[in-house]
Amino acid sequence: MATETKEYTYADVAAHDTKESMYVVIDDKVYDVSKFVDEHPGGEEVMLDVAGQDGTEAFEDVGHSDEAREILSKYLIGDLKRSESDPKPVTISRASASSSGDSSSGGLPSFVYAILIAGLAAAGYYYTQLQQQQPSA
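Values in this document were obtained by computation on a predicted structure and should not be read as measured data. (Residues numbered from 1 in each chain as written. Predicted model: local features only at pLDDT ≥ 70, side-chain atom pairs only at ≥ 80, totals over all residues. Heavy atoms only, no water.)

Engineer: Could you give an account of the overall build of the protein, with specific residues and numbers?
Structural biologist: Secondary structure assignment for the protein yields six helices and four strands. Ordering the α and β elements of the protein from the N terminus gives β-α-β-β-α-α-α-β-α-α. Looking at the 137 residues of the protein, the share that counts as buried comes to 25%. When contacts within the protein are restricted to residue pairs at least 6 apart in sequence, long-range pairs at least 24 apart make up 73% of them. Summed over its atoms, the accessible surface of the protein is roughly 9600 Å², and 53% of this surface lies on carbon and sulfur atoms. (Helix = DSSP H or I, 4+ residues; strand = E, 2+ residues; numbered from the N terminus. Buried < 20%, exposed > 50% of the residue type's maximum accessible area, 1.4 Å probe, protein only. Contact = heavy atoms within 4.5 Å. Areas by Shrake-Rupley, 256 points an atom, 1.4 Å probe, with all protein chains shown as cover.)

Engineer: Describe in detail the packing of aromatic side chains, supporting the description with residues and values.
Structural biologist: Summed over the entire model, instances satisfying the criterion amount to two aromatic pairs. Seen in terms of ring centroids, Tyr8 and Tyr23 are 5.8 Å apart; in terms of plane orientation they differ by 85°. Their pairing is edge-to-face. Residue Tyr8 is located in strand E1 (residues 7-9), and its partner Tyr23 is located in strand E2 (residues 23-26); the two are separated by 15 residues in the primary sequence. Like Tyr23, Tyr8 is buried. (Phe/Tyr/Trp six-rings, centres within 6.5 Å; stacked < 30°, edge-to-face > 60°.)

Engineer: Describe in detail the sheet that holds E2, supporting the description with residues and values.
Structural biologist: Ordered by their spatial adjacency, four strands build an open sheet running E1-E4-E3-E2, and the pairing between neighbours is mixed. Unpaired on one side and paired on the other, E1 and E2 mark the two borders of the sheet. Direction aside, neighbouring strands of the sheet carry axes that sit 40° apart on average. Note that E1 and strand E4 (residues 76-81) share three bridges and pair parallel. If you follow Glu7 over to E4, its bridge partner there is Asp79. (Pairing = 2+ DSSP bridges. Axes fitted to C-alpha atoms, helices over the stretch in contact; angles between N-to-C directions.)

Engineer: Tell me what's going on with the nonpolar core, and back it up with residues and numbers.
Structural biologist: Side chains of a nonpolar character, in soluble globular proteins, are inclined to be buried together. Residues Met22, Val24, Ile26, Tyr31, Val33, Met47 and Leu72 are the most contacted members of the largest nonpolar core, which totals 14 residues. Mapped onto this core, the elements with two or more residues apiece are E2 and helix H3 (56-62). Counting residues in hydrophobic clusters, the runner-up holds seven residues, among them Tyr10, Val13, Val25 and Val30. (Core = buried A, V, L, I, M, F, W, Y, C linked by side-chain atoms within 4.5 Å.)

Engineer: An account of the confidence of the model for the protein is requested, with residue identities and associated values reported.
Structural biologist: With 77% of its residues at a pLDDT of at least 70, the protein reaches an overall mean of 79. Within the protein, strand E3 (residues 29-32) carries the highest mean pLDDT (96), whereas helix H5 (residues 94-97) carries the lowest (38). Segment residues 91-106: pLDDT under 50, and six contacts once partners within four positions in sequence are set aside and those in other chains are kept. (pLDDT = per-residue confidence, 0-100.)

Engineer: So what about a nonpolar patch on the surface? Which residues, and what values?
Structural biologist: Taken together, the side chains of Tyr113, Leu116 and Ile117 present a nonpolar region at the surface, about 330 Å² in accessible area. Mapped onto the secondary structure, Tyr113 falls in helix H6 (residues 110-133). For Tyr113, a relative accessible area of 44% translates into the label partly exposed. (Patch = residues over 30% accessible without salt bridge, like charges linked within 9 Å, V, L, I, M, F, W, Y side chains within 5 Å. Salt bridge = Lys/Arg side-chain N within 4 Å of Asp/Glu carboxyl O.)

Now the structure itself:
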């Protein structure tokens, strides 16, 4: 018994660009990640940056693990049906992305900074908790 895959237009996806109703496209697959926003390790801001859009580049740039890809698969709701008027998907040239320090693209994407800040904040929080738990001499 084959299951039929629902098709979404880019306009369908773009209509879901809030924390409460968030669709994102990864490799021409549409995901409803609304229920995952609060659980995302990189924070909700990272996801809001690509809400209602093609987030393939952002997803691949971070280098998500197999576990992250498995989690993402739980939120699959259909395929993207592209039309001529849709924004073209952003493709990444791995050769140019790993070439010398040329930052013609404007440096690191903002979501990388968000992830770094979230990581530093978490590390600071845990360090503080550990310091409070240690008995004083």
